[in-house]
Amino acid sequence: MNDINTCFYSPGTYKHATCTHTHYCIFNNNRILLENSIHELETELHQRITDLKFIKNEGTPNCADYEATRERITILNKDLENLRKSRNKIIENKEVKGYGFQ
Ligand SMILES: [Zn+2]
């Protein structure tokens, strides 16, 4: 698969004449939103995993912190899995419209 993070956007009248990602272009707002959501969840997941390690190692006066963090990690993993599945459907199966060049 070619690099999905590049677009051969050209300044001519038909700007996407050479776009190689007609189903998932980096200039598409829907795509930008989807990628941002995935990035935000990944960032939070990373932070929560760090938090969980900290709570495990250092302990905390509040046991609920550990449980809450663990639950949040489970939810984040599920959400991320769903978003990545959606992204794969768009990129590989090309069955979702609205993410190509505009
Ligand atoms: Zn493009």
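Presented here is a report on the structure given in the accompanying data block.

**Side note on helix H1 (residues 29-58)**
Over its 30 residues, H1 runs 43 Å from end to end, which matches the ideal 44 Å to within 8%, given 1.5 Å per residue. Among all positions in H1, only Arg31, Leu41 and Arg48 are buried. Packing partners of the buried residues in H1 comprise helix H2 (63-93). Within two residues after H1, Gly59 carries a phi angle of roughly 75°, on the positive side.

**Some points on the packing of H1 against H2**
Running from amino to carboxyl end, H1 crosses H2 at an angle of 155°, the nearest separation of the two axes being 9 Å. With respect to H2, the element H1 is oriented roughly antiparallel. Relative to H2, H1 is oriented so that their crossing is left-handed. Residue classes in the contact of H1 with H2 are distributed as 12 nonpolar, 3 polar and 10 charged.

Definitions and cut-offs
- Residues numbered from 1 in each chain as written.
- Predicted model: local features only at pLDDT ≥ 70, side-chain atom pairs only at ≥ 80, totals over all residues.
- Helix = DSSP H or I, 4+ residues; strand = E, 2+ residues; numbered from the N terminus.
- Expected span 1.5 Å × (residues − 1).
- Buried ≥ 20, exposed ≤ 12 C-beta atoms within 10 Å, placed from the backbone.
- Contact = placed C-beta atoms within 7 Å.
- Axes fitted to C-alpha atoms, helices over the stretch in contact; angles between N-to-C directions.
- Parallel < 35°, antiparallel > 145°, perpendicular 65-115°, else oblique.
- Left-handed = near helix turned anticlockwise from the far one by under 90°.
- Nonpolar A, V, L, I, M, F, W, Y, C, P; charged D, E, K, R; others polar.

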